[in-house]
Amino acid sequence: MARGVALRCCNGRKSSTLLYSSIARVSLSFSPKTLLASYPIQPRRQNFSRLFCNLSSVPNTVDEKKYKEVFNRRMAMAGLKPHHRIALGVSGGPDSMALCVLTAKWKTEGLSGVNKTDGFIDGLVAVVVDHGLRQESRDEAELVCSRVSDIGIRCEIARCDWVNGRPKQGHLQEAARDMRYQMISNVCFRQQIGVLLIAHHADDQAELFILRLSRGSGVLGLAGTSFASEIFSQDLELDVKHMKNRSILLVRPLLDLWKEDMYKICQWGRQDWVEDPTNLSQLYVRNRIRTSIGNIQSDTFKSELQAVISECRRTRSFVDKVCTDLINQTVSVTDKGYAVLDLERLNPTEVKDICLSKYLTTVLQFISQRQRPIRGNTLKLLLNYIRAIPCRTSLTAAGCYLSPAPGSKGTEVIVSFFLDSSLPSKTEILNICFNEARKRPTSDDLGQIISSAKTFLEQNRVSDVQFLDVASESVLSKARELNLLSESTYTTIGLLQRDETNRFITKREDNKPVDESEDHGTNIASSSNKVHLLPGKDLYLMNRFLIRWDLSSHQCDEARCGKCPVRTATTMEVRHMVESDWLYLAELSRSLNRNHSTSSSHKALRSLKSIPAAARRSFLVLVDHCGLLLSIPAIGFSYCPCLKASTVFLPRVPLGGGFSSFL
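Residues numbered from 1 in each chain as written. Predicted model: local features only at pLDDT ≥ 70, side-chain atom pairs only at ≥ 80, totals over all residues. Heavy atoms only, no water.

A word on the overall build of the protein. If you tally the helices and strands in the protein, you get 21 helices and 29 strands. Split into buried and exposed, the 663 residues of the protein put 51% on the buried side. Residue pairs in contact within the protein that sit at least 24 positions apart in sequence constitute 73% of those at least 6 positions apart. About 31700 Å² of surface is accessible on the protein, with carbon and sulfur atoms providing 48% of the total. (Helix = DSSP H or I, 4+ residues; strand = E, 2+ residues; numbered from the N terminus. Buried < 20%, exposed > 50% of the residue type's maximum accessible area, 1.4 Å probe, protein only. Contact = heavy atoms within 4.5 Å. Areas by Shrake-Rupley, 256 points an atom, 1.4 Å probe, with all protein chains shown as cover.)

If you want it as structure tokens, here you go:
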């Protein structure tokens, strides 16, 4: 077994033990030997697997003014001011510790600098996520929390509860990332914080570029992660004032800085950080690419790669603007949960492929509420379908059903949710207390912040972009043609791409084929599952519908006899509309009895005639324990006046996915 190395930081805080063979080369002007020589080596118990270290003893020149200016500019671009309430995602690594240093100084040194309460900076909270995947993670999280608190930042530890078991090794990093965002978001919603800062930097963008290039991503994917974007709660966090799901603005203010800058900022702020040995494991694709890029000691390579990424981001910004304009001009969303596309206004034959693809993806992601990209043959099929005017056929794609709108003569297309089972899974069901939601304090700060960020974005829009008609396999060639890449950098990026592409292909061939019929994203339950709703409660289903029922003050004739199925119901089953419901309404409408159910069914049938069958199938209905249809709230049908029921179309993610900026 390799001998353990214990490192004690110069400020006397707790340190850790790391296998000597796990220490990585740091891409700075010093070597690992220099780093290790700065600390006394002492035997300690092996309780941490991460390396806690500090570079305050390493001589280096730090341009404090430069870092402040870069950070302040990015915060202004996001519409942020020091008095805004902000959360920080902190792991304890050099990136997030540098973010803590810069944010703390920005908060306290700005023109409208904030005060401190009990030694902590007002309106600033750091969130450390303990994933619970390693035995020592709890102690490490507490140590990181202590160090962040020393900077003057309140810190909270969010501990993960893997209710479905530990994620599998092949999906560990992805699952941990998703859980991390969910846990941090939960803290933000609970503390009424609307902005979250994450420490992604230029090296992360470079890694992502190589990764996506090796996977065949197009120009929009090669633009990397957004500078600022709205993220929405996985569970419904109801903003009753605006009747929408709450959101957080996620901002990455360090995208103009490199990894080596993170170390310098930590040195400037005299902050310790942790180095996680799992980041060295070559099992993970990001780690392999990071190691390969780190071995290239060339400022020219970095600057030229960054220039290509910047041009991809300019193209992404341009396409996003075109897509937003097209949606505003051609898409109508109904309160029944489906959308109508005006093909005459859209004029799809005149829209470039890249813009039309983004447009269709955005609309289908909204209707399906699945935030997964649409690629390959599915995307080609959609492009061909939407350009065939007049539209005369129907199409199922990406969880949606596309069909000609009745009476439009093929000039309009209806996009509705394609339902392939009768019920949503239990994981998509959320009982909420509407009255409690009304009591939650609301703030318009986030709306004002996003408005300021939009203004900055509009003022910096570009119309002259170079990659609009460039296929993914031609991006590097086009960049070389535009003199964005030298021959050496072009060759180096190509080698990195081919190496990772070969690894990816080999891995796919070695792995067991995936059953395409399985839909791991939607988790549709079997028809044997039943969903019940109590009176006066609200139920959120399918990431889109909020349904409620209660007893009204009216009484039917059957109620007076004690035989009313509504009055005797203690709970009702919620399911989707099926063909037999239509037939039942038709039967009721033909009844000779002129009672409430007969007149209500007449009105419901008239409403249904203008709604495509595919859209009807997503309607929610209420039935009693015997299966008797009592209500279809979306079209106003109720069996008797004793029942009052309502359905609200409340998508978890709005059309367009919320605000985003790729500046």
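We are not done yet, so read on.
What follows is about the pattern of salt bridges. For the coordinates displayed, the defined rule picks out 29 salt bridges. When the shortest N-O distance is used, the salt bridge between Glu156 and Arg190 registers 2.4 Å. Taken together, the residues Glu156 in strand β8 (residues 154–159) and Arg190 in helix α5 (residues 172–190) connect sequence positions 34 residues apart. Ionic pairing is found between Arg548 and Asp538, a salt bridge with its closest N-O pair at 2.9 Å. Taken together, the positions of Arg548 in strand β23 (residues 545–551) and Asp538 in strand β22 (residues 538–541) put the pair ten residues apart, joining distant regions of the chain. One network of salt bridges, with partners in common, ties together Lys321, Asp325, Glu458 and Arg461. (Salt bridge = Lys/Arg side-chain N within 4 Å of Asp/Glu carboxyl O.)

Quick look at the packing of aromatic side chains now. Using the criterion set out here, one finds four aromatic pairs in the structure. When the ring of Phe71 is compared with that of Trp106, the centres are 6.4 Å apart and the planes differ by 75 degrees; the resulting orientation is edge-to-face. Note that Phe71 is positioned in helix α2 (residues 64–77) and Trp106 in helix α3 (residues 94–109), a separation of 35 residues in sequence. Ring geometry for Tyr263 versus Trp273: centroids 5.2 Å apart, planes at 65 degrees, classification edge-to-face. Placement of Tyr263 in helix α8 (residues 259–268) and of Trp273 in strand β14 (residues 273–275) is noted, with a sequence separation of ten residues between them. As far as the burial class goes, Tyr263 and Trp273 line up, both buried. (Phe/Tyr/Trp six-rings, centres within 6.5 Å; stacked < 30°, edge-to-face > 60°.)

Tracing the sequence through the fold places Ser233 in the loop between β10 (228–232) and β11 (238–239). Excluding its chain neighbours within four sequence positions, the residues that come into contact with Ser233 are Phe189, Asn245, Arg246 and Arg652.

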